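Here's the letter readout for the chains.
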Amino acid sequence: MAWPSVTSPESNFATLDQAHKALTLQLIQQVHYWIECCLLRGLDQAETTCALQQLGLQPCLTRIVWNQLELQNPQFFSVYSKGSVVKDTLCNSTPYSHAD
């Protein structure tokens, strides 16, 4: 009768660590995807954080991924934030009225 093989605790922890890293990377990629979807819809960081929170994502994770995207793509976010300011200005302004 053969004894079952026993793995060392270090190898079990290494396997768990690899699984955790893979899961974390997958979660970050998912948040990245959802942020891109929100950007396509013209949402700013606060609106995106709120929308993703409704999907069950933690706001701090959304902000971390958003900030990393800003660091990786400063020109895009500079232009995008200017567009957001214009959108907010247009949405919050009073409609033009004609004097009769």
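Our structure's up above, just so we're on the same page.
The following refers to the structure shown.

Thresholds, definitions, all that
Residues numbered from 1 in each chain as written. Predicted model: local features only at pLDDT ≥ 70, side-chain atom pairs only at ≥ 80, totals over all residues. Heavy atoms only, no water. Axes fitted to C-alpha atoms, helices over the stretch in contact; angles between N-to-C directions. Helix = DSSP H or I, 4+ residues; strand = E, 2+ residues; numbered from the N terminus. Parallel < 35°, antiparallel > 145°, perpendicular 65-115°, else oblique. Left-handed = near helix turned anticlockwise from the far one by under 90°. Contact = heavy atoms within 4.5 Å. Nonpolar A, V, L, I, M, F, W, Y, C, P; charged D, E, K, R; others polar.

Regarding the packing of helix 2 (residues 45-54) against helix 3 (residues 59-72)
Okay, step 1: As a packed pair, helix 2 and helix 3 sit with axes 9 Å apart at the nearest point and diverge in direction by 135°. Comparing their axes, helix 3 and helix 2 come out oblique. Between helix 2 and helix 3 the crossing geometry is right-handed. Residues Gln45, Thr48, Thr49, Leu52 and Gln53 of helix 2 touch helix 3, and the partners they reach there are Pro59, Thr62, Arg63, Trp66 and Asn67.
Okay, step 2: Class assignment for the residues of the contact of helix 2 with helix 3 results in three nonpolar, six polar and one charged.

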